[in-house]
Amino acid sequence: MELKPAYSTLRERIMKVLEDSHSFLTVDEIKVLVGEELSNSEIYEHLRHITKSIRRSSGGKKALLMKPPTCRKCSYVFKDLSKPRKPSKCPRCRSEWIEPPAFKIAGV
Ligand SMILES: [Zn+2]
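Residues numbered from 1 in each chain as written. Predicted model: local features only at pLDDT ≥ 70, side-chain atom pairs only at ≥ 80, totals over all residues.

Caption draft 1: Inspection of the overall build of the chain at higher detail. Across its full length, the chain holds three helices and four strands. Sequence-ordered secondary structure for the chain, helices as α and strands as β, is α-α-α-β-β-β-β. For the chain, the C-alpha atoms occupy an extent of roughly 55 × 30 × 20 Å along the three principal directions. Counting all 108 residues of the chain, 19% fall into the buried class. A fraction of 53% describes how many contacts in the chain between residues 6 or more apart in sequence connect residues 24 or more apart. (Helix = DSSP H or I, 4+ residues; strand = E, 2+ residues; numbered from the N terminus. Buried ≥ 20, exposed ≤ 12 C-beta atoms within 10 Å, placed from the backbone. Contact = placed C-beta atoms within 7 Å.)

Caption draft 2: Highlighting the environment of Leu 33. Topologically, Leu 33 is positioned in helix α2 (residues 27-34). Between the C-alpha atom of Leu 33 and that of Thr 9, which follows or precedes it by 24 residues, the distance is 15 Å.

Caption draft 3: The arrangement of the packing of α2 against helix α3 (residues 40-57) in detail. For the pair α2 and α3, the least separation of the axes is 10 Å and the interaxial angle reads 90 degrees. With respect to α3, the axis of α2 lies roughly perpendicular. Contacts between α2 and α3 involve Val 27, Ile 30 and Lys 31 on the former and, on the latter, Asn 40, Ile 43 and Tyr 44. Its residues assigned to classes, the contact of α2 with α3 shows four nonpolar, one polar and one charged. (Axes fitted to C-alpha atoms, helices over the stretch in contact; angles between N-to-C directions. Parallel < 35°, antiparallel > 145°, perpendicular 65-115°, else oblique. Nonpolar A, V, L, I, M, F, W, Y, C, P; charged D, E, K, R; others polar.)

Caption draft 4: Layout of the confidence of the model for the chain. Residues of the chain with pLDDT of at least 70 account for 93%, and the chain-wide mean is 92. When pLDDT is averaged over each element of the chain, strand β2 (residues 70-71) comes out on top at 98 and helix α1 (residues 6-20) at the bottom at 85. (pLDDT = per-residue confidence, 0-100.)

Caption draft 5: How the structure looks around unusual backbone geometry. Unusually for a residue other than glycine, Ser 75 sits at a positive phi of about 70 degrees. Mapping Ser 75 onto the fold places it in the loop between β2 and β3 (98-99). C-beta crowding within 10 Å serves as the criterion here: with 11 such atoms nearby, Ser 75 is assigned to the exposed category. In the Ramachandran plot, Arg 94 falls in the positive-phi region, its phi being about 70 degrees despite a non-glycine side chain. By the element assignment, Arg 94 lies in the loop between β2 and β3. Its 10 C-beta neighbours within 10 Å are what place Arg 94 among the exposed residues.

In structure tokens:
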């Protein structure tokens, strides 16, 4: 019998939700589909790990794709984010009204 820490099971469920979805999912949508009480920062933390592990575990065939966050006020696109997260402020217009990033796992 193989014992797994609880977080890896949860991470696997998050990965499954992201693989099964046909559309990009925000952290709020992931939370609902996984059915757990999680904070957004916990999910972003899992997504950061998934980014690193998915290529390795799929032999380079799959990747976590991110639809970048955008500013709802001036339409600025946060193209240069290196990690999954929701920026707090738009660098162009200083608005805090940010459309969150969305994710899915797909073949590359
Ligand atoms: Zn803006």
